[in-house]
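Chains, contacts and geometry: an overview
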Amino acid sequence: MATTAGPGTRSRAGSHSAVRHVALIVESAMAPRRMMLSGVARYIQEHDPWAVYLNPFGVEQILRQWLSEWDGDGIIAAMKVPVGDVILRRGIPVVDVVGMLTHERVPLVHTNDHSVGRVGAEHLLERGFKHFGFCEYTGWFWSQHRREGFRQALRTQRFDCAVLQMQLPGPGSGGPGQWKQQQRALAEWLQGLPKPVGVMATNDLMGQQILEACNRLPLEVPDQVAVVGADNDEPICRIAWPPLSSVIINDQQRGYQAAAVLDRMMSGERPPTEPVYIEPVGVATRASTDIMAIEEAAIVKALRFIREHAHERISVDDVVDQVPLSRSVLERRFRKVVGRSVNNEIVRLRLNKAIELLSETNLEPKSIARRVGFGSQSYMNTVFEKKLGRTPGSYRRLSRT
């Protein structure tokens, strides 16, 4: 187990021990940051122990003071303000997990924000929306990248989206005045969008604001406005009304990979020259997007049946049995509305669930193949190689290196 050490201490008085001393400069007020800490903890438990210095509150304010005294081996940094000069002067290995320390010696381990936007767009497209909006925070690269990924995914289906930009609340801001101003801007923007519309918020905090604006107008959620956020911050998603669907950010894996990169650097390896990106693992679907914005009732019924039973090794014939259409008519209408064949939709859902289990669990691939409906590992391997260009095993290794 890791131990907690003060900034000027060693676990053995007067000498360096084999235990590495690592500082986690991570404000843990937000759930994603706490998940990163869980990932770091998992890495430590699986490898040699570290002595960890962690101050979860106000760490940036005391950084200059304690860093000048701290005798350590490495740092994992998640900071909102640029204090990188203090860290870099120490000359010890540093891994950045938020993208603020732009330096060739500081590798970045970060969520693939383009993929976050893509997954959010796919979630709304699956529900049949043809009008879309995206809310982003002005001037934040991660928010911009999420919007870019969202818009790019829509354009592959020949759609685009309206965009609203707002200021990110920070220390000393976000009071009642700013809240009311943002709610007025959101209400005006939402009223002007064609309905029904699928909206993605750049994170769950903004998603909750959007739902609050819908409640005040009022606009029916999800019938008129469906909302998906990002980060899957459970308390925020649950306090929102209706509960907020959200893209699941694999922050535990981000922490784990940050610890792995730092460990290799502390052993003398050069830092990676390219960022290490962690993929999201799907969407936690809640009431804010629990709708099918499709006029054809038979297609809605087919889609719901597929989503509820894809893991049971259903076939196209099983879907045909659920609707009052012939196979040829269903296939034609399904492809027109959804943009994919019935079988491709079944395979896509199985593939997405397999990716989630490969990333989040240690289940054997053959067990995953059975759980998601592929039936055999060889068939799952064929799908992975065709769709992703790699086997399930190589995908798992890539997601954890």
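1. Considerations on the pairing of strand β2 (residues 20-26)
Summarising burial for β2: six of the seven residues are buried, a large majority. Two strands pair when backbone bridges link them, and β2 and strand β3 (residues 50-54) are joined in this way by five bridges, in the parallel orientation. Of the residues in β3, the one forming a bridge with Leu 24 is Leu 54. Relative to strand β4 (residues 74-78), β2 runs parallel, the two being bridged by five bridges. Looking at the pairing, Val 26 lines up with Ala 78 of β4.

2. Focus: the confidence of the model for the protein chain
Put simply, the protein chain has an average pLDDT of 85, and 87% of its residues get 70 or more. Confidence over residues 1-17 falls short of pLDDT 50; this stretch has 34 contacts with residues more than four positions distant or in other chains.

3. Overview of helix α15 (residues 377-388)
For α15, built from 12 residues, the straight-helix expectation of 16 Å at 1.5 Å per residue is met to within 8% by its first-to-last C-alpha distance of 16 Å. Of all the positions in α15, only Met 380, Val 383 and Phe 384 are classed as buried. Buried residues of α15 fall within an arc of 100° about the axis and therefore sit on the same side. For α15, the exposed residues set more than 90 degrees away from the buried face come down to Ser 378 and Lys 386. Looking at the residues trailing α15, positive phi occurs at Gly 389, about 75°.

4. Notes on the side chain of Ser 245
Position of Ser 245 relative to the elements: it lies in strand β11 (residues 245-247). Ser 245 sits in the buried class, given a relative accessible area of 0%. Apart from the residues within four sequence positions on either side, Ser 245 is in contact with His 123, Val 227, Val 228, Gly 229, Val 283, Ala 284, Thr 285, Arg 286, Ser 288 and Thr 289.

5. Some words on the packing of aromatic side chains
Counted under the stated rule, the structure contains eight aromatic pairs. Taken together, a centroid distance of 5.3 Å and an interplanar angle of 75° make the contact between Tyr 43 and Tyr 256 edge-to-face. Residue Tyr 43 is located in helix α1 (residues 31-46), and its partner Tyr 256 is located in helix α9 (residues 251-266); the two are separated by 213 residues in the primary sequence. An identical accessibility class is assigned to Tyr 43 and Tyr 256; each is buried. A ring pair is formed by Tyr 137 and Trp 142, whose centres lie 6.2 Å apart and whose planes are at 70°; its orientation type is edge-to-face. Of the two residues, Tyr 137 and Trp 142, both sit in the buried class. Taken together, the ring pairs in this structure connect Phe 132, Phe 134, Phe 150 and Phe 159 into an aromatic cluster.

6. Comments concerning the environment of Ser 394
Tracing the backbone shows Ser 394 in helix α16 (residues 392-399). On the basis of relative accessibility, which here comes to 19%, the residue Ser 394 falls in the buried class. In the structure, Ser 394 is positioned 10 residues away from Phe 384 in sequence and 9.9 Å away in space, judged by C-alpha atoms.

7. As for the environment of Val 323
In this structure, Val 323 sits in the loop between α11 (316-320) and α12 (327-338). We classify Val 323 as buried; its relative accessible area is 8%. It is 6.8 Å that separates the C-alpha atoms of Val 323 and Ala 302, two residues lying 21 residues apart in sequence. Leave out the neighbours within four places in its chain, and Val 323 touches Ala 298, Lys 301, Ala 302 and Leu 330.

8. A word on the pattern of salt bridges
Oppositely charged side chains may form a pair once their charged atoms are brought near each other. Here the structure, examined in full by the defined rule, presents 19 salt bridges. Note that Asp 160 and Arg 151 form a salt bridge whose closest N and O atoms lie 2.8 Å from each other. Between Glu 296 and Arg 333 there is a salt bridge, with its nearest N and O atoms 3.8 Å apart. Highlighted residues: Glu 296 in the loop between β13 (283-284) and α10 (297-309) and Arg 333 in helix α12, separated in sequence by 37 residues. We classify Glu 296 as partly exposed; its relative accessible area is 28%. Sharing partners across several salt bridges, the network here consists of Glu 126, Arg 127, Arg 340, Glu 345 and Arg 348.

Procedures and definitions
- Residues numbered from 1 in each chain as written.
- Predicted model: local features only at pLDDT ≥ 70, side-chain atom pairs only at ≥ 80, totals over all residues.
- Heavy atoms only, no water.
- Buried < 20%, exposed > 50% of the residue type's maximum accessible area, 1.4 Å probe, protein only.
- Helix = DSSP H or I, 4+ residues; strand = E, 2+ residues; numbered from the N terminus.
- Pairing = 2+ DSSP bridges.
- pLDDT = per-residue confidence, 0-100.
- Contact = heavy atoms within 4.5 Å.
- Expected span 1.5 Å × (residues − 1).
- Arc of directions from axis to C-beta.
- Phe/Tyr/Trp six-rings, centres within 6.5 Å; stacked < 30°, edge-to-face > 60°.
- Salt bridge = Lys/Arg side-chain N within 4 Å of Asp/Glu carboxyl O.

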